[in-house]
Structure formats: C-alpha cells, structure tokens
Amino acid sequence: MKPGAKIVAMERMQILIESAVRNAKSNPILAERHAALARRISSRHKIRMPYHLRMVFCKKCKLFIAPGVNSRFRLGGTPKSVKITCNLCGHTYRKML
C-alpha cells in the first residue's frame, strides 16, 4: 500500500459517514450506500474504523443506523447508559456513560 493511501482512506470514510448521517432522513437509500462504501474502504485497506464512525452501524445486522431515523436512543438504566435499538432488526445494546 502507498504511504498516503491510509490517510486518504480515513478522510474518505469520514466524509462518507458524515454524508450518510446528513442524508439519512431525506434520502435513506443514498445514506445506506455511502455507509456501505465507508465499510468497504475500511475492509479493503485493512483500516479499523474509529469509534465515532463505528457507532453508526448496528452491532447485529451491520447496517447503517441514523439516530432518530431508523434507530432509537434512550437514556437510563441503573448504571448510566445509552440504550440503542435498531429499528431494522430490533436488536438493543447499551453504551455506558
């Protein structure tokens, strides 16, 4: 791999995920396509996605979930946490605060 390819791939993944989140409500098909391209770039260049990019994908079905569009975010629980429910597959998981 070329030396600058990893940096360019990271920047491109960031741009694609931001575009997917922006377009999630108005054009969900385009948003899913952008998210899929970001995942493909990650796997092709063997780069691990940063946490803030990984959290827009469901842990079970691996599809793009946009906050408030096709997923539900809830605060609460005994240990302070955020509960995220994917409306596509119904899977619920927690992120500790």
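Before any of the text, the structure's been laid out above.
Residues numbered from 1 in each chain as written. Predicted model: local features only at pLDDT ≥ 70, side-chain atom pairs only at ≥ 80, totals over all residues. Heavy atoms only, no water.

### Some details on the side chain of Ser 81
Locating Ser 81 in the fold gives a position in strand β2 (residues 81–86). Sequence-distant contacts of Ser 81, defined by excluding residues within four places in its chain, comprise Arg 74, Leu 75, Gly 76, Arg 94, Lys 95, Met 96 and Leu 97. (Helix = DSSP H or I, 4+ residues; strand = E, 2+ residues; numbered from the N terminus. Contact = heavy atoms within 4.5 Å.)

### What to know about the packing of aromatic side chains
A full pass over the atoms with the stated rule returns 0 aromatic pairs. Sitting over the face of the ring of Phe 57, Arg 39 holds its NZ or CZ atom 4.9 Å from the ring centroid. (Phe/Tyr/Trp six-rings, centres within 6.5 Å; stacked < 30°, edge-to-face > 60°. Lys NZ or Arg CZ within 6 Å of the ring centre and 35° of its normal.)

### As for the pairing of β2
Counted residue by residue, β2 has 5 buried out of 6 residues, so it is predominantly covered. By the bridge criterion, 6 bridges tie strand β1 (residues 71–76) to β2 in an arrangement that is antiparallel. Residue Phe 73 lies in a different strand from β2, and its bridge partner there is Ile 84. Remark: 4 residues form the turn of the hairpin made by β1 and β2, two consecutive strands paired antiparallel; Gly 77 in that turn has positive phi of roughly 100°. A loop of 5 residues connects β2 with strand β3 (residues 92–96), the two strands running antiparallel in sequence, and Gly 90 in this loop sits at a positive phi of about 85°. (Buried < 20%, exposed > 50% of the residue type's maximum accessible area, 1.4 Å probe, protein only. Pairing = 2+ DSSP bridges.)

### Digging into the sheet that holds β3
The strand order across the open sheet built from 3 strands is β1-β2-β3, with neighbouring strands paired in antiparallel fashion. Each of the sheet's edge strands pairs with one partner strand only, and the pair in question is β1 and β3. Ignoring strand direction, the axes of neighbouring strands in this sheet form an average angle of 25°. (Axes fitted to C-alpha atoms, helices over the stretch in contact; angles between N-to-C directions.)

### A few points about the nonpolar core
Ranked by internal contacts, the top residues of the largest apolar core, which has 17 residues, are Met 13, Ile 17, Ala 38, Met 49, Phe 57 and Phe 64. No other element matches the 5 residues that helix α1 (residues 5–23) contributes to this core. Counting residues in each nonpolar core, the second largest holds 6 residues, with Cys 58, Ile 84, Cys 86 and Tyr 93 among its members. (Core = buried A, V, L, I, M, F, W, Y, C linked by side-chain atoms within 4.5 Å.)

### Focus: the packing of α1 against helix α2 (residues 28–44)
Where α1 contacts α2, the axes come no closer than 8 Å and their chain directions differ by 160°. The pairing of α1 with α2 is recorded here as roughly antiparallel in orientation. Along this stretch, α1 crosses α2, giving a crossing that reads as left-handed. Contact residues: α1 offers Ala 9, Arg 12, Met 13, Leu 16, Ile 17, Ser 19, Ala 20 and Asn 23, while α2 offers Pro 28, Leu 30, Ala 31, His 34, Ala 35, Leu 37, Ala 38, Ile 41 and Ser 42. Looking at the contact of α1 with α2, its residues break down into 12 nonpolar, 4 polar and 1 charged. (Parallel < 35°, antiparallel > 145°, perpendicular 65-115°, else oblique. Left-handed = near helix turned anticlockwise from the far one by under 90°. Nonpolar A, V, L, I, M, F, W, Y, C, P; charged D, E, K, R; others polar.)

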